[in-house]
Amino acid sequence: MPANKKYLSNPFQRFLKITGGFLGGYVVMLSFHLMMTCVFQEKDVVITAYLSGYVLWAVLLLYAFLAKNGWWVWLIYTVMAVVFYLLFHFLHG
């Protein structure tokens, strides 16, 4: 039985969600762990990032597919990455 058309997104929205989930989620995960190096020792963050990095990236990837709009995913992930990087820059510097 085919899927109901009202639940499917158009190809461009699908592209935005896929790229937002993979690339945007990865950038947010990296910037988050970069910010965490200001709070904890770098070696502890690297060790923790082996597990928490994959979990955080998977959650961000899942959210991207559950969202209604791919542009909204890119906006949220861009803002989160910039905020994490600015916190790193001001706390570390």
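Residues numbered from 1 in each chain as written. Predicted model: local features only at pLDDT ≥ 70, side-chain atom pairs only at ≥ 80, totals over all residues. Heavy atoms only, no water.

**A short note on the overall build of the chain**
Worth spelling out the cut-off: Helix and strand assignments come from DSSP, with helices taken as H or I runs of at least 4 residues and strands as E runs of at least 2, each series counted from the N terminus. The globule rule used here is 2.2 Å times the number of residues to the 0.38 power, and the radius of gyration it is set against is calculated over C-alpha atoms. Accessible area is worked out with a 1.4 Å probe on protein chains only. A residue is then buried under 20% of its type maximum, exposed over 50%, and partly exposed in between. What makes two residues a contact is simply this: any of their non-hydrogen atoms within 4.5 Å. Accessible surface area values rest on a Shrake-Rupley calculation with a 1.4 Å probe, where residue burial reflects the displayed protein chains alone.
Across its full length, the chain carries three helices and zero strands. Going from the N terminus to the C terminus, the chain shows its helices and strands as α-α-α. Against the compact-globule benchmark of 12 Å for 93 residues, the chain has a radius of gyration of 16 Å, which places it well outside the compact range. C-alpha atoms of the chain, sized along the principal axes, occupy 55 × 25 × 15 Å. In the chain, buried positions account for 29% of the 93 residues. A fraction of 77% describes how many contacts in the chain between residues 6 or more apart in sequence connect residues 24 or more apart. For the chain, the accessible area works out to roughly 6,900 Å², and carbon and sulfur atoms hold 75% of it.

**Things to note about helix α2 (residues 42-66)**
Here is the rule: By this rule the span expected of a helix is its residue count minus one, scaled by 1.5 Å. Fitting axes to the seven residues that end at a residue and to the seven that start at it, the angle between those axes gives the bend at that residue.
Over its 25 residues, α2 runs 33 Å from end to end, which matches the ideal 36 Å to within 8%, given 1.5 Å per residue. Ala49 marks the point of greatest bend in α2, at about 55°. By the burial criterion, the buried members of α2 are Val45, Gly53, Leu60, Leu61 and Ala64. Against the buried residues of α2 lie α1 (11-39) and α3 (70-92).

**Regarding a nonpolar patch on the surface**
Here is the rule we go by: Patches draw on residues past 30% relative accessible area with no salt bridge. Two like charges within 9 Å are joined, as are two nonpolar side chains (Val, Leu, Ile, Met, Phe, Trp, Tyr) within 5 Å. We count a salt bridge whenever a side-chain nitrogen from Lys or Arg sits within 4 Å of a carboxyl oxygen from Asp or Glu.
A cluster of nonpolar side chains, contributed by Tyr63, Trp72, Leu75, Val79, Val83, Leu87 and Leu91, occupies part of the molecular surface with about 660 Å² of accessible area. Looking at the nonpolar patch, the element that brings in the most residues is α3, giving six residues. Within the fold, Leu91 resides in helix α3.

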